[in-house]
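Observations on chain architecture
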Amino acid sequence: MKFKSVFDIIGPAMIGPSSSHTAGAARIGRMARALFGRQPARAEFVLYGSFATTYKGHGTDVALAGGILLFDTSDPRIKDALTIAKDVGMDIVIHTEDDPEQHPNTVLVKLHDEQGRLDVKGISIGGGKIEIIEIDNFEVQMHGDAPTLLVFHEDHYGMIASVAQLLADQCINIGSMHMSRQGKGQSALLIIETDQEMDPSILAHIEQFEHVTSARITPPL
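Residues numbered from 1 in each chain as written. Predicted model: local features only at pLDDT ≥ 70, side-chain atom pairs only at ≥ 80, totals over all residues. Heavy atoms only, no water.

**Notes on the domain arrangement of the chain**
Formally: Where each domain begins and ends follows an automated or database-derived domain assignment. The buried area of a pairing is the accessible area, by a 1.4 Å probe, that goes missing from both parts when the two are put together, added over both. Any Lys or Arg side-chain nitrogen found within 4 Å of a carboxyl oxygen on Asp or Glu counts as a salt bridge. The term polar contact refers here to a pair of N or O atoms within 3.5 Å; inside protein, the definition further demands a hydrogen-donor-capable atom paired with an acceptor-capable atom, and it admits residues adjacent in sequence only when both atoms are side-chain atoms. Only DSSP runs of H or I with at least four residues qualify as helices, and only runs of E with at least two residues qualify as strands; both kinds are numbered from the N terminus onward. Polar here means any residue other than Ala, Val, Leu, Ile, Met, Phe, Trp, Tyr, Cys and Pro, which are nonpolar, and Asp, Glu, Lys and Arg, which are charged; Gly is therefore polar.
Each domain of the chain was delimited in the assignment, giving domain 1 (6-142) and domain 2 (148-218). Look at where the C-alpha atoms of domain 1 and domain 2 centre, and you get two points 26 Å apart. Carbon and sulfur atoms supply 69% of the area that domain 1 and domain 2 bury against each other, a total of about 960 Å² over both sides. The largest per-residue losses of area from domain 1 upon contact with domain 2 belong to Leu35, Phe138 and Met142, which jointly make up 55% of the total buried on that side. On the surface where domain 1 and domain 2 come into contact, there are zero salt bridges. The interface formed by domain 1 and domain 2 holds three residue pairs in polar contact (both at pLDDT 80 or more) in total. Elements with a contribution of two residues or more to the side of domain 1 that touches domain 2: helix H1 (19-36) and strand S8 (138-142). Of the residues belonging to the side of domain 1 that touches domain 2, the class tally is nine nonpolar, one polar and two charged.

**A look at the side chain of Glu131**
Convention followed: Think of it in three bands: with a 1.4 Å probe and only protein chains considered, a residue is buried below 20% of the maximum accessible area for its type, exposed above 50%, and partly exposed in between. Within this scheme the basic residues Lys and Arg register as positive and the acidic residues Asp and Glu register as negative, but His and the chain ends are omitted. Every residue pair with non-hydrogen atoms within 4.5 Å of one another is taken to be in contact.
Among the structural elements, Glu131 can be located in strand S7 (residues 129-135). Within the buried set, Glu131 has no salt-bridge partner at all; the shortest N-O distance to an opposite charge, 11 Å, is to Arg27. Those residues in contact with Glu131 that sit more than four places away from it in its chain are Lys121, Gly122, Ile123, Gln141, Met142 and His143.

**Points about helix H5 (residues 159-169)**
For the record, the criterion: Comment: arc refers to directions from the helix axis out to C-beta atoms.
When H5 is considered as a whole, its buried residues turn out to be Met159, Val163, Leu166 and Leu167. When H5 is viewed along its axis, its buried side chains cluster within an angular range of 100° and face the same direction. Pointing more than 90 degrees away from the buried face of H5 are the exposed residues Ala161 and Asp169. Tucked inside the fold, the buried residues of H5 contact strand S9 (148-154), strand S10 (174-181), strand S11 (187-194), helix H6 (202-206) and strand S12 (212-218). Taken from the residues just after H5, Cys171 is the one with a positive phi, measuring 60°.

**Side note on the nonpolar core**
Our working rule: Here the nonpolar core consists of buried residues drawn from Ala, Val, Leu, Ile, Met, Phe, Trp, Tyr and Cys, with membership extended through side-chain atoms lying within 4.5 Å.
Membership of the largest hydrophobic core comes to 39 residues, with the highest contact counts inside it found for Ile132 and Ile135. The biggest single contributor to this core is H1, with seven residues. Counting contributing residues, this core receives three or more from each of domain 1 (6-142) and domain 2 (148-218). For Ile135, the residues in contact, after removing those within four places along its chain, are Leu35, Leu118, Asp119, Val140, Met142, Leu150, Phe152 and Leu189. Residues Val163, Leu166, Leu167 and Leu190 belong to the second largest nonpolar core, which totals 15 residues.

**With respect to the sheet that holds strand S6 (residues 116-126)**
Quick reminder of the rule: By this definition, two strands are paired if DSSP reports at least two bridges between them. Lines are fitted to the C-alpha atoms to define the axes, a helix being fitted only along its stretch in contact, and any angle between axes, read from their N-to-C directions, falls within 0 to 180 degrees.
Strand order in the open sheet formed by six strands is S4-S3-S5-S6-S7-S8, with mixed pairing between adjacent strands. In this open sheet, the two strands that pair with only one neighbour each are strand S4 (91-97) and S8. Shown here is a sheet whose adjacent strand axes are inclined to one another by a mean of 20°, direction ignored. Where S6 meets S7, six bridges bridge the pair, whose relative direction is antiparallel. Paired with Ser124 across the strands is Ile130, a residue of S7. Seen against the sheet, helix H3 (residues 60-68) touches strand S3 (42-48), S4 and strand S5 (106-113) and runs at an angle of roughly 140° to S3.

**Focus: the pattern of salt bridges**
In the structure shown here, the tally under the stated rule is seven salt bridges. Arg77 is the partner of Asp75 in a salt bridge, and the nearest nitrogen-oxygen pair spans 2.7 Å. Residue classification places Asp75 among the buried residues on the basis of a relative accessible area of 15%. Across the pair Arg181 and Asp155 runs a salt bridge, and its minimum N-O distance is 2.7 Å. Of this pair, Arg181 sits in strand S10 while Asp155 sits in the loop between S9 and H5, and the two are 26 residues apart along the sequence. By relative accessible area, which is 46% here, Arg181 ends up partly exposed.

Pasting the structure below:
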């Protein structure tokens, strides 16, 4: 098969010359968009390491923008994502930074609109696989392979048990759980990956729990 450009399909579900720099970047963008919950007015990408030095040649910039637009990694529109973002009124800003302590394929995604903002840091670990390592300064571990529940709350006893019981009542099995907090009794983030899809109505129940500030569900990428 003859490929016409560097954005042709390199695998069964990937666009781009590098699964790490394009497919992985697109998945990070999609995860950030899913966490934000809506189309942002502005998306800033801070690129580190090899992302920073090769992003133009490897299409990392268009892949990230495509992810924010919810394009799948195999979507041919990815190559035009920067133009499409502009057409729908989304500002895209790209920065590069030199920080040897960061993983070489790291991007900090900053999403903004009139309702608020969200910062998401992710790394591309190869083969199109990713790991989200930080959400709004909370250290996390998310790979986007399973339905995921995020509960932002004030650190308080009984929170994990209450959420786990609600999932059990819905016959939803927990695959993994991770808790991150800024300090004892301070803001915290509970992340639960599940084996089954969760009905969005579950969020209304969780948000009624005392000490919960917000909750959201992200689907598998």
